[in-house]
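Spelled out from the first residue to the last, the chains are:
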Amino acid sequence: MIYHHTPRVTGWVGWVWFGGAMMVMAGLFNIITGLAAVFANRVYVQTPARLLLFDITTWGWLHFILGVLVLATGIGVTMGLDWARIVGVVLVMLNALTQLTWIAVNPWWSLAVIAIDVLVLYALIVHGREARPT
């Protein structure tokens, strides 16, 4: 006799898909923010009390690269791929940290993104396994 164990799927699988969709959206926002900082750096006002280790253009490139990675990984998360869930946790934590350093330039946006990142992390870490493809 062969027993097949069917993985238990709860309502949290929707939160995992939400997390993947939010990663796609965060990736797109980071790409747009990064490009704005690189090509229209007058959009952001630098203050003396900032936590930026580089100039706005360098942070723009970092946001752009991170955005592309988060976008691609978010697509993988929505497809239920294990590697995407693991990489997604790392990238979402990195995204939250970059938003923390960006907070002096764009405070309300950074706080909103950090809050969403916490929700995405919870969904990926606690319930991410439920979204595996069958």
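Preceding this paragraph is the structure being described.
Residues numbered from 1 in each chain as written. Predicted model: local features only at pLDDT ≥ 70, side-chain atom pairs only at ≥ 80, totals over all residues. Heavy atoms only, no water.

Undergrad: Please explain the packing of helix 1 (residues 13-39) against helix 4 (residues 107-127) as it appears in this structure.
TA: Angle between the axes and distance between the axes: these two values describe a pair of packed helices. Close contact between helix 1 and helix 4 brings their axes to 9 Å; oriented N to C, the two are set at 145°. Between helix 1 and helix 4 lies a crossing whose hand is left-handed. Contacts between helix 1 and helix 4 involve Trp 15, Val 16, Gly 19, Met 22, Met 23 and Phe 29 on the former and, on the latter, Trp 109, Ile 116, Val 120, Ala 123, Leu 124 and His 127. (Axes fitted to C-alpha atoms, helices over the stretch in contact; angles between N-to-C directions. Helix = DSSP H or I, 4+ residues; strand = E, 2+ residues; numbered from the N terminus. Left-handed = near helix turned anticlockwise from the far one by under 90°. Contact = heavy atoms within 4.5 Å.)

Undergrad: Help me understand helix 4 in this model?
TA: Given 3.6 residues per turn, any residue in an α-helix points the same way as the ones three and four places further on. Its 21 residues give helix 4 an end-to-end C-alpha distance of 30 Å, which sits within 8% of 30 Å, the value for a rise of 1.5 Å per residue. Among the residues of helix 4, Ser 110, Val 113, Asp 117, Val 120, Leu 121, Ala 123, Leu 124 and His 127 are the ones counted as buried. Those residues of helix 4 hidden inside the fold are in contact with helix 1, helix 2 (56-78) and helix 3 (82-102). (Expected span 1.5 Å × (residues − 1). Buried < 20%, exposed > 50% of the residue type's maximum accessible area, 1.4 Å probe, protein only.)

Undergrad: Would you mind showing me how to read the packing of aromatic side chains here?
TA: By convention here, two paired aromatic rings are described through the distance between centres and the angle between planes. In total, this model carries four aromatic pairs according to the counting rule given. On the basis of an interplanar angle of 80° and a centroid distance of 5.2 Å, the ring pair of Trp 15 and Phe 18 is categorised as edge-to-face. Separated by three residues within a single helix, Trp 15 and Phe 18 lie in helix 1, roughly one turn from each other. The exposure class of Trp 15 is partly exposed, given its relative accessible area of 37%. On the basis of relative accessible area, Phe 18 is assigned to the partly exposed category, the value being 32%. (Phe/Tyr/Trp six-rings, centres within 6.5 Å; stacked < 30°, edge-to-face > 60°.)

Undergrad: What am I meant to see in the side chain of Asn 95 here?
TA: Topologically, Asn 95 is positioned in helix 3. For Asn 95, a relative accessible area of 2% corresponds to the buried category. A polar atom in the side chain of Asn 95 sits 2.7 Å from the side chain of Asn 30. Here Asp 117 takes part through its side chain, which lies 3.0 Å from a polar atom of the side chain of Asn 95. (Polar contact = N/O pair within 3.5 Å; in protein donor to acceptor, adjacent residues only side chain to side chain.)

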